[in-house]
Amino acid sequence: MHPSAIVLLEFHPERDDLTRDKELRDGLSVALRMGNNLWVANDESLSLERLTLSPEDSTGTSSMTHGHVQFSLADFLALPLPPGGDPEALHEADIEGLACDGKYLWIAGSHSLRRKNPKAGDGTKKAQKRLASVSADGNRYLLARIPVVEQDGTHTLVRETEHKGRLRTAARLRGDAHGNELTLLLLHDEHFGPFLAIPGKDNGFDIEGLAVAGKHLLVGLRGPVLRGWAAIVEIALAEDEQPTQLRLAPVEDGDGRLYRKHFLDLGGLGIRDLCVQGKDLLILAGPTMDLDGPVVVFRWPGGAEPDKESIVSADELERVLDLPFGHGVDHPEGMTLFPLMNGSEEGLLVVHDAASPSRQIGESTVVADVFPLPRRKKNGR
C-alpha cells in the first residue's frame, strides 16, 4: 500500500547530529501524537524530540512540523549511565516505546543485549571475535514515566507538577545498569527466561512496543517469537517509597501475580510497535531478526482492555495494512494515530529506521508516511 499523505519532520540542524557520522533523522524508532505535537525518538539517543504540526498546505496531502525542542532524559530521570563529556560515548536508551495516559508520558527502552556486527575489511578471526562479543547497556533497561503538562496548546515535560493536591513526579522502574524488576522477574519465566541472555536481533528478549491499557501497561516484544507466536507482557506499576522510583504491582485484585502474558499468532513476525485505537490494539509487526520485511499492521479487537491472559489466533486478528519497506533502508518502526487531511478519516503515521536518502530533505528534514486506516470490520475479523 502507498501512503495517502506525508508529514515533513523538520529537526533543528544543530540537534540533528547525534555523533560525527549519525543523524537523528536517520533512525526514528517511535512516534506519538498529542494534539498539535508529535513526539519522536531515535533509538541511539538519550532524548525525546517534540515537533509542532503546521497547517497542511494547499494540496491537502502533506503537513509540515517545526519548532523542534529536545528533552534530555537525564534532565528528568536518574539514568543508570548518565551522559558524559564525550559525545561519542553516548549511552543510548534504545527507546522503543512511547505511550501517554493523559498525565504521564511513558517510555520503554529495548531491555535487550547487543551483539557486535562484523565490519567490512575484518579478517576471519576479527569478524568471529565481533560476533562472539555480547554486551549490555544499562540505559536500555528503562521503563519510566515523565509528567506531561499542557501550556497554551503545547505539551511539555516536567520533573514534577501538582494537580488537584497530588504531586506527579518523573520516575523509573527500580533497577540498575544490569537490569530492573521486570527483567529479574522474567528471568524465571518459562517462556521468556531462556531468552534474556540472547541479544535482541538474535530472537532474544527485546521490547519494541508500549501501550497504556487502563491502569496497566502493555509491553510488546519483538522477540522472542515462539513457534511463530509473538508476545505482549501486561504489567502494573505503582509508586515506590522513593518518589523517583516505581515498583511492580499486582495486575489482578486479590492476586499477587505481577504480570500477565498474551500470545498472538502474527505469522512468525515480532512486535515493532503498539498503538491504542479505542478499545482495540493496533500492532506493527515485522521480522524479529535483522531482516527487511514483511511489515504488517494488525488489529486486535478488544486488545486495549484485556481482563485475563490470552492466546490470540490468526483468525481473531484483522490484517489492516501491509506496509512498504526498502532493502536495507526504510524499515517501519513507529506509528501513531494521525487524522487524514480532510479530518473525516483516521490515518496512521509511520516513521522509519534507516531512512533512505530519498526520504531525507535538505540538512535535517525527513519524510514520515500517513496511511488510511480501514475501519474495524463489524464482525471483529
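Residues numbered from 1 in each chain as written. Predicted model: local features only at pLDDT ≥ 70, side-chain atom pairs only at ≥ 80, totals over all residues. Heavy atoms only, no water.

Draft legend 1. Layout of the pairing of strand β5 (residues 37-42). Taken across its six residues, β5 has six buried, putting it largely inside the fold. The sheet contact formed by strand β4 (residues 28-34) and β5 spans six bridges and is antiparallel. What sits directly across from Met34, in β5, is Asn37. A loop of two residues connects β4 with β5, the two strands running antiparallel in sequence, and Gly35 in this loop sits at a positive phi of about 60 degrees. In the sheet, β5 pairs with strand β6 (residues 47-53) via four bridges, with the strands oriented antiparallel. Bridging across to β6, Asn37 finds its partner in Thr52. Connecting the antiparallel pair β5 and β6 is a turn made up of four residues. (Buried < 20%, exposed > 50% of the residue type's maximum accessible area, 1.4 Å probe, protein only. Helix = DSSP H or I, 4+ residues; strand = E, 2+ residues; numbered from the N terminus. Pairing = 2+ DSSP bridges.)

Draft legend 2. Just the packing of aromatic side chains, in detail. Applying the stated criterion to the full structure yields five aromatic pairs. Taking the centre distance of 6.1 Å and the plane angle of 65 degrees together, the rings of Tyr104 and Trp106 count as edge-to-face. A single burial state applies to Tyr104 and to Trp106, both of which are buried. Lying across the ring of Phe338, Arg33 places its NZ or CZ 4.6 Å from the centre. One Lys or Arg, Arg145, reaches over the ring of Tyr104 and ends 4.2 Å from the middle of that ring. (Phe/Tyr/Trp six-rings, centres within 6.5 Å; stacked < 30°, edge-to-face > 60°. Lys NZ or Arg CZ within 6 Å of the ring centre and 35° of its normal.)

Draft legend 3. Region of the structure containing the nonpolar core. With 28 residues, the main nonpolar core has Trp106, Leu143, Phe192, Leu210, Leu221, Ile235 and Leu237 as its most contacted residues. Sorting the residues of this core by element identifies β9 (104-109), β16 (171-173), α3 (181-186), β19 (206-213), β20 (216-226), β21 (229-239), β22 (245-249) and β23 (259-265) as the ones contributing at least two each. Setting aside anything within four residues of it in sequence, one finds Leu237 in contact with Trp106, Leu143, Leu173, Leu217, Leu246, Arg247 and Leu248. Val30, Met34, Phe71 and Leu142 belong to the second largest nonpolar core, which has 23 residues in total. (Core = buried A, V, L, I, M, F, W, Y, C linked by side-chain atoms within 4.5 Å. Contact = heavy atoms within 4.5 Å.)

Draft legend 4. Fine view of a positive patch on the surface. Together, Lys103, Lys164, Arg166 and Lys215 make up a positively charged patch on the protein surface. In this structure, Arg166 sits in strand β15 (residues 166-169). Residue classification places Arg166 among the exposed residues on the basis of a relative accessible area of 63%. (Patch = residues over 30% accessible without salt bridge, like charges linked within 9 Å, V, L, I, M, F, W, Y side chains within 5 Å. Areas by Shrake-Rupley, 256 points an atom, 1.4 Å probe, with all protein chains shown as cover. Salt bridge = Lys/Arg side-chain N within 4 Å of Asp/Glu carboxyl O. Lys, Arg positive; Asp, Glu negative; His and termini not counted. Charge placed at Lys NZ, Arg CZ, Asp CG, Glu CD.)

Draft legend 5. Here's a closer look at the environment of Asp176. Tracing the backbone shows Asp176 in strand β17 (residues 175-176). A relative accessible area of 41% places Asp176 in the partly exposed class. The sequence separation of Asp176 and Asp265 amounts to 89 residues, and the corresponding C-alpha distance is 33 Å. Contacts of Asp176, omitting those with residues within four sequence positions, involve Pro80, Gly138 and Tyr141.

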